[in-house]
Amino acid sequence: MASTAKKAKKTDAIEEEPEALEAVDTCQNEIDALNEQASEEILKVEQKYNELRKPYYRKRNEFIKRIPSFWMTAIMNHPQISGILEEEEEDCLQFLEKLEVEEFEDIKSGYRILFHFEENPFFENTVLTKEFKLGSNGESPSSTSTPIKWKPDHDLTKVLPKKVANNRRKRGLENRTFFDWFTDNNDPINDDIAELIKDDLWPNPLQYYLVPDIEVEPEDDEDGEGGEEFGEEGDEEEVDEVEDEEEKAS
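Residues numbered from 1 in each chain as written. Predicted model: local features only at pLDDT ≥ 70, side-chain atom pairs only at ≥ 80, totals over all residues. Heavy atoms only, no water.

The name given to the protein chain in an unreviewed UniProt entry is Protein SET, with Anopheles christyi as the source organism. Recorded in UniProt for the protein chain, the comment headed Sequence similarities (unreviewed entry) runs: "Belongs to the nucleosome assembly protein (NAP) family." (UniProt positions renumbered as here; feature names shortened; annotations may be inferred.)

Written out as structure tokens, the structure is:
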């Protein structure tokens with residue numbers, strides 16, 4: 001009898017399942033609609049505050065111009081970005097006077113990174129721009145870079161790869177350099193360096209410029225310690241000798 005009752009309950013549940021699934025689907029659609037609405041409202045807030053931040057970014061860059069090698073120092077102190085810098089590129093980045101990140105008006109469709117350079121011995125460009133289109137309206141993500149007008153014998157994309165294989169400064173990153181990254185547009189959706197610049201370095205570069213030098217504690221000088229011990233023992237021996245001489249004299 002009990003078995004018959006269980007079968008009846010199971011049959012009722014199976015019959016109710018399609019209706020319940022339809023109700024769950026309806027609720028899920030309503031949740032998704034709210035999530036989409038929330039995303040649109042959050043985007044409007046971001047657009048609003050992007051505009052409010054712009055004059056402060058401009059003012060900040062004006063002050064940064066007064067600080068020699070600010071951007072190069074901030075980049076060199078960044079734990080991830082510095083991993084792709086070669087020494088010759090550090091020399092080049094000495095001439096980087098301003099860095100900017102500009103998000104597209106709708107934010108979600110893309111952004112561009114602008115590197116402003118003083119006159120330098122490496123290339124003729126005064127501004128190098130890398131732009132990312134994130135694939136809105138059904139388009140595939142893509143990126144483009146300003147062609148660099150290298151001066152004779154200063155093309156770092158050709159000179160540096162010959163040295164990379166023997167360079168031990170790389171810290172687990174891809175075997176590429178800063179200007180390799182800038183000119184590479186093969187995989188824009190996975191460009192970690194660009195995202196670090198946009199989301200980490202650009203919002204607060206001061207935290208990286210002010211990274212304190214690591215204080216290295218002096219290592220124990222075994223010889224020095226040994227010398228002190230030897231000196232102490234030597235002093236004791238001298239005292240013993242003086243005492244012996246005094247006893248003999250008496």
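With that settled, the discussion passes to the confidence of the model for the protein chain. It should be kept in mind that the predicted coordinates are not to be read in detail where pLDDT is low. Confidence in the prediction for the protein chain averages 82 pLDDT; 72% of positions are at 70 or higher. Confidence drops under pLDDT 50 across residues 162-173; counting only partners more than four residues distant or on other chains, this segment forms 21 contacts. The low-confidence segment residues 224-234, where pLDDT is below 50, has 1 contact with residues more than four positions distant or belonging to other chains. (pLDDT = per-residue confidence, 0-100. Contact = heavy atoms within 4.5 Å.)

A cluster of nonpolar residues, Val 45, Tyr 49 and Leu 52, forms a patch on the protein surface that exposes about 270 Å² of accessible area. Of note, Val 45 is situated in helix 1 (residues 2-64). For Val 45, a relative accessible area of 44% corresponds to the partly exposed category. (Patch = residues over 30% accessible without salt bridge, like charges linked within 9 Å, V, L, I, M, F, W, Y side chains within 5 Å. Areas by Shrake-Rupley, 256 points an atom, 1.4 Å probe, with all protein chains shown as cover. Salt bridge = Lys/Arg side-chain N within 4 Å of Asp/Glu carboxyl O. Helix = DSSP H or I, 4+ residues; strand = E, 2+ residues; numbered from the N terminus. Buried < 20%, exposed > 50% of the residue type's maximum accessible area, 1.4 Å probe, protein only.)

Here the UniProt feature "coiled-coil region" (unreviewed entry) sits at residues 24-51. Taken end to end, residues 24-51 is 100% helix and 0% strand, and its first and last C-alpha atoms sit 41 Å apart.

Right, let's get into the environment of Glu 97. By the secondary structure assignment, Glu 97 is in strand 1 (residues 96-103). If we ignore the near neighbours within four places in the chain, the residues touching Glu 97 are Lys 65, Trp 71, His 116, Phe 117 and Glu 118.

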